[in-house]
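Residue-level structure breakdown
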Amino acid sequence: MPNKKKYIVNGDSEIKAQIQFADQKQEFNKRPTKIGRRSLSRSISQSSTDSYSSEERPKQLSVGFSLPHSAQAHAKGTLSAPKEAMKLWLAHPAASYTDSSDDETSPRDKQQKNSKGSSDFCVKNIKQAEFGRREIEIAEQEMPALMALRKRAQGEKPLAGAKIVGCTHITAQTAVLMETLGALGAQCRWAACNIYSTLNEVAAALAESGFPVFAWKGESEDDFWWCIDRCVNVEGWQPNMILDDGGDLTHWIYKKYPNMFKKIKGIVEESVTGVHRLYQLSKAGKLCVPAMNVNDSVTKQKFDNLYCCRESILDGLKRTTDMMFGGKQVVVCGYGEVGKGCCAALKAMGSIVYVTEIDPICALQACMDGFRLVKLNEVIRQVDIVITCTGNKNVVTREHLDRMKNSCIVCNMGHSNTEIDVASLRTPELTWERVRSQVDHVIWPDGKRIVLLAEGRLLNLSCSTVPTFVLSITATTQALALIELYNAPEGRYKQDVYLLPKKMDEYVASLHLPTFDAHLTELTDEQAKYLGLNKNGPFKPNYYRY
């Protein structure tokens, strides 16, 4: 009999956890470990490393729907989750039914139905839906802009008739986005863009609500592509919009179902890896629909990439390794927005931080921020932690891994799993030892070992969580981009890659200000005339660097 846990909430104050063991006598030191090589899933996808030149900079997008003159006009009253949900969350904040099941049966081999009798989904366990619903309700509290957009636009149904196929991380925050899209009139089918980031209870809650979701935590590579195919290849339903994170969904449709693009109105892509792929297609003349580059919008770059990673890097490392950061030597590969966030957090915790960078401008920024710029080979023998966040491939090679000190921690904060050459570690002379979920020791013949997190995949979403408020900004941007592309008249956008307009970025930001009880200063007519601006924005030119 497995151990059973019961969580009991008494009133609004005291929270007690009672643990009942099936066996009264349990030896504390009896902790079996499995040692030896284990079968690992191969790399899901290869990220593009080609960057685009200044001539290929994305075109500016125009706004095709009206925005309110003041974001303060949106409803102030946020939805409030039931008190019971908050109590449950407080009772066990790290709790997740994602890993609580001992059932090793593949979800593909199960016959499951939701309460309405539908079986058009594939999740780990549909019975986890109630817990997932509580997580979604709590996430809604930290996503004010998305909830305001849902309330404002659900009467207009700007996505009526839209059939959106999505491939993103399936978390409580994504669920709020999906339900918002549904409230705005869209039909959605969804798969996960990462085999480790899916919250099984959230996927179950979405399936129970009628969303065709095909995802579970710990998919194999075959499962990953099977789930995407189940979203796309369905009788009597064809997508007309794509929401992608990483480009795998877009790649699959191009590869398997190219004729579908005849009815697809546009692609919305939010990751560096996926954006690179879109620019490659555009450069080769193979991009056959308009695409929106959400990744390079101001709100996405500054908030999702910088502020989000500044908090989630520490959370991911602490949950997986329980380590102390003070005095540790860390090398961060890449000083873009993600790298800046990671470096700032680790420096604040007392770590000694080195930076590697190929771009002289980002390199100079790192130097001015007080970080020592090095080549990876120069510090690889001495550092305690190696973090990649470049979007490139083979940033950390087998040669680097061979030279690392004993117990060096290796992890990735970029979207793609190709930054660390994990494939080179799958050799007979090396032993893999699973320490805990998403934590592996890779042991060399002389006894040296490195600590590899999430098999080189995205650390924060694979091993911990990310701040909901930041994801509200990204999700709102994605929703607005879908609305714009779907409602754009034919001919407005060509088969190219576009950026969000400045006006839309400002609107997304303004929707989040009431959360902080923030009050914007308004220009007088005289001031607006002096600056040559519209009083309602946009307030900065397109070339402005925030």
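Analysis parameters
- Residues numbered from 1 in each chain as written.
- Predicted model: local features only at pLDDT ≥ 70, side-chain atom pairs only at ≥ 80, totals over all residues.
- Heavy atoms only, no water.
- Helix = DSSP H or I, 4+ residues; strand = E, 2+ residues; numbered from the N terminus.
- Expected span 1.5 Å × (residues − 1).
- Buried < 20%, exposed > 50% of the residue type's maximum accessible area, 1.4 Å probe, protein only.
- Core = buried A, V, L, I, M, F, W, Y, C linked by side-chain atoms within 4.5 Å.
- Contact = heavy atoms within 4.5 Å.
- Pairing = 2+ DSSP bridges.
- Right-handed = clockwise from strand over helix to strand, strands pointing away.
- Disulfide = S-S within 2.5 Å.
- Salt bridge = Lys/Arg side-chain N within 4 Å of Asp/Glu carboxyl O.
- Phe/Tyr/Trp six-rings, centres within 6.5 Å; stacked < 30°, edge-to-face > 60°.
- Lys NZ or Arg CZ within 6 Å of the ring centre and 35° of its normal.
- Polar contact = N/O pair within 3.5 Å; in protein donor to acceptor, adjacent residues only side chain to side chain.

The terminal C-alpha atoms of helix α4 (residues 172-183), which comprises 12 residues, lie 16 Å apart, in line with the 16 Å expected from a rise of 1.5 Å per residue. By the criterion of burial, α4 is predominantly enclosed, with 11 of the 12 residues buried. All of the buried residues along α4 are Ala-172, Gln-173, Thr-174, Ala-175, Val-176, Leu-177, Met-178, Glu-179, Thr-180, Leu-181 and Ala-183. Two residues or fewer after α4 comes Gly-185, characterised by a positive phi angle close to 110°.

One broad rule of soluble globular proteins: the nonpolar side chains tend to lie buried together. Of all hydrophobic cores here, the largest spans 61 residues; its most connected members are Leu-159, Ile-164, Leu-181, Trp-190 and Val-213. When contributions to this core are tallied by element, the ones reaching two or more residues are α2 (129-141), α3 (144-153), α4, β5 (187-192), α5 (200-208), β7 (241-244), α15 (468-487) and α16 (502-512). When residues in this core are grouped by element, the largest group, 10 residues, is from α15. When neighbours within four sequence positions are excluded, Leu-159 is seen to be in contact with Ile-164, Leu-181, Leu-184, Gly-185, Ala-186, Leu-482, Ile-483 and Tyr-486. Core analysis: the second largest hydrophobic core is formed by 33 residues, Phe-224, Tyr-257, Val-275 and Leu-278 among them.

The subject of this paragraph is the pairing of β5. The buried fraction of β5 is high, at 5 of 6 residues. In this sheet, β5 lies alongside strand β4 (residues 163-168) in parallel orientation, the contact comprising 6 bridges. Looking at β5, one finds that Thr-168 is bridged to Ala-192. Traced from β4 through α4 to β5, the parallel crossover comes out right-handed. Alignment of β5 against strand β6 (residues 213-214), held across 2 bridges, turns out to be parallel. For Trp-190, the partnering residue across the bridge sits in β6 and is Val-213.

Another aspect to go through is the state of the cysteines. For the structure shown, the criterion picks out 0 disulfides. You can see Cys-122 has no disulfide; the closest cysteine sulfur is in Cys-227, sitting 5.9 Å from it. Note on Cys-333: no disulfide assigned, nearest cysteine sulfur contributed by Cys-389 at a separation of 7.2 Å.

Moving on, we get to the environment of Glu-522. Position of Glu-522 among the secondary structure elements: in the loop between α16 and α17 (525-531). With relative accessibility at 67%, the residue Glu-522 sits in the exposed group.

Quick look at the pattern of salt bridges now. Taken as a whole, this structure holds 19 salt bridges when the rule is applied. Of the charged contacts, one joins Asp-315 and Arg-319 as a salt bridge, the two residues approaching to 2.8 Å between their closest N and O atoms. Of the two residues, Asp-315 and Arg-319 are both situated in helix α9 (residues 298-321); the distance of 4 residues between them amounts to about one turn of the helix. On the basis of relative accessible area, Arg-319 is assigned to the partly exposed category, the value being 37%. Two residues, Glu-433 and Arg-449, come together in a salt bridge whose shortest N-O distance is 3.3 Å. Here the residue Glu-433 occupies a position in strand β15 (residues 431-436), and Arg-449 occupies one in strand β17 (residues 449-453), the gap between them amounting to 16 residues. On the basis of relative accessibility, which here comes to 24%, the residue Arg-449 falls in the partly exposed class. Each member of the salt-bridge network shares a partner with another, and the members are Arg-108, Asp-222 and Asp-223.

Let's shift gears to the packing of aromatic side chains. The full count for this structure, using the stated rule, is 9 aromatic pairs. Across the ring face of Trp-444, the terminal group of Lys-448 is positioned such that the distance to the ring centre comes to 4.1 Å.

This part covers the side chain of Glu-455. With respect to the element layout, Glu-455 can be found in the loop between β17 and α14 (459-463). A residue is classified by how much of its surface remains accessible, and Glu-455, at 6% relative accessible area, is buried. In this structure the side chain of Glu-455 is engaged in a polar contact, spanning 2.8 Å, whose partner is the side chain of Tyr-196.

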